[in-house]
Amino acid sequence: MATLHCPECGFVNPEGANYCQKCGAYLARPEGEDASTMAYKVGETGEYEPVDVEEEVDKAGAAFVIRSGGGRAGESFAVDSDRISIGRTPDAAVFLDDVTVSRNHAPVVRRKDGLYIDDLGSLNGTYVNRRRIESHRLEDGDEIQIGKYKLSYLER
């Protein structure tokens, strides 16, 4: 099993880690390592359907892509309405099946000045760019962590 050494504190992190588990520093990838992930949606039949994330973002204006957690890396969700729900309930637009995720964890709501993610008082919190938030205006490239899931927010 390969490991990554933190450039800041020297801590030995497991392969695939993006940030140091000790100090939180970004762990740069070695030259030539491909950090891309194929994106997909789960179709009506339950089959994986490949998705061009850039096309999804262009169509809807924004999208979430699961980067890690639950074996679902690459699954994407278009932000195609003024309010979408994120949570453990199967009715959620972004369904995250993990006990550390609240049933109704965090809605994403369009307001006059942009798209916001709001934590609904969840026990384990909602994190954006490694900071716990109550409400946060989303920007292209934000990393959201909810339970064991890490998602990237992408916008046009």
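On a predicted model such as this, the values are computed, not experimentally measured, just so you know.

## Some words on the pattern of salt bridges
As enumerated under the stated definition, the model contains four salt bridges in all. We note a salt bridge from lysine 148 to aspartate 98, for which the minimum N-O separation is 4.0 Å. Of this pair, lysine 148 sits in the loop between β14 (143-146) and β15 (149-155) while aspartate 98 sits in the loop between β8 (94-95) and β9 (106-111); the two residues are 50 residues apart in sequence, bridging distant segments of the chain. With relative accessibility at 43%, the residue lysine 148 sits in the partly exposed group. Put simply, arginine 111 and aspartate 118 hold a salt bridge, and the shortest N to O gap is 2.5 Å. On the accessibility criterion, arginine 111 (36% relative accessible area) is partly exposed.

## Considerations on the sheet that holds strand β12 (residues 131-133)
The strand order across the open sheet formed by six strands is β6-β5-β15-β14-β11-β12, and the pairing between neighbours is antiparallel. The strands lining the two open edges of the sheet, one partner per strand, are β6 (76-78) and β12. Here the strands of the sheet are splayed against their neighbours by 30° on average, with no regard to which way each runs.

## Brief notes about the confidence of the model for the protein chain
For the protein chain, the mean per-residue pLDDT works out to 82, and 78% of the residues sit at or above 70. Within the model, pLDDT remains below 50 along residues 31-35, and this stretch shows zero contacts once partners closer than five positions in the same chain are excluded.

## Comments concerning the environment of leucine 120
Here leucine 120 shows up in the loop between β10 (114-118) and β11 (126-128). In this structure the C-alpha to C-alpha distance between leucine 120 and histidine 105, which are 15 residues apart in sequence, comes to 5.7 Å. In this structure leucine 120 touches Asn104, His105 and Pro107, once residues within four positions along its chain are discounted.

Analysis parameters
Residues numbered from 1 in each chain as written. Predicted model: local features only at pLDDT ≥ 70, side-chain atom pairs only at ≥ 80, totals over all residues. Heavy atoms only, no water. Salt bridge = Lys/Arg side-chain N within 4 Å of Asp/Glu carboxyl O. Helix = DSSP H or I, 4+ residues; strand = E, 2+ residues; numbered from the N terminus. Buried < 20%, exposed > 50% of the residue type's maximum accessible area, 1.4 Å probe, protein only. Pairing = 2+ DSSP bridges. Axes fitted to C-alpha atoms, helices over the stretch in contact; angles between N-to-C directions. pLDDT = per-residue confidence, 0-100. Contact = heavy atoms within 4.5 Å.

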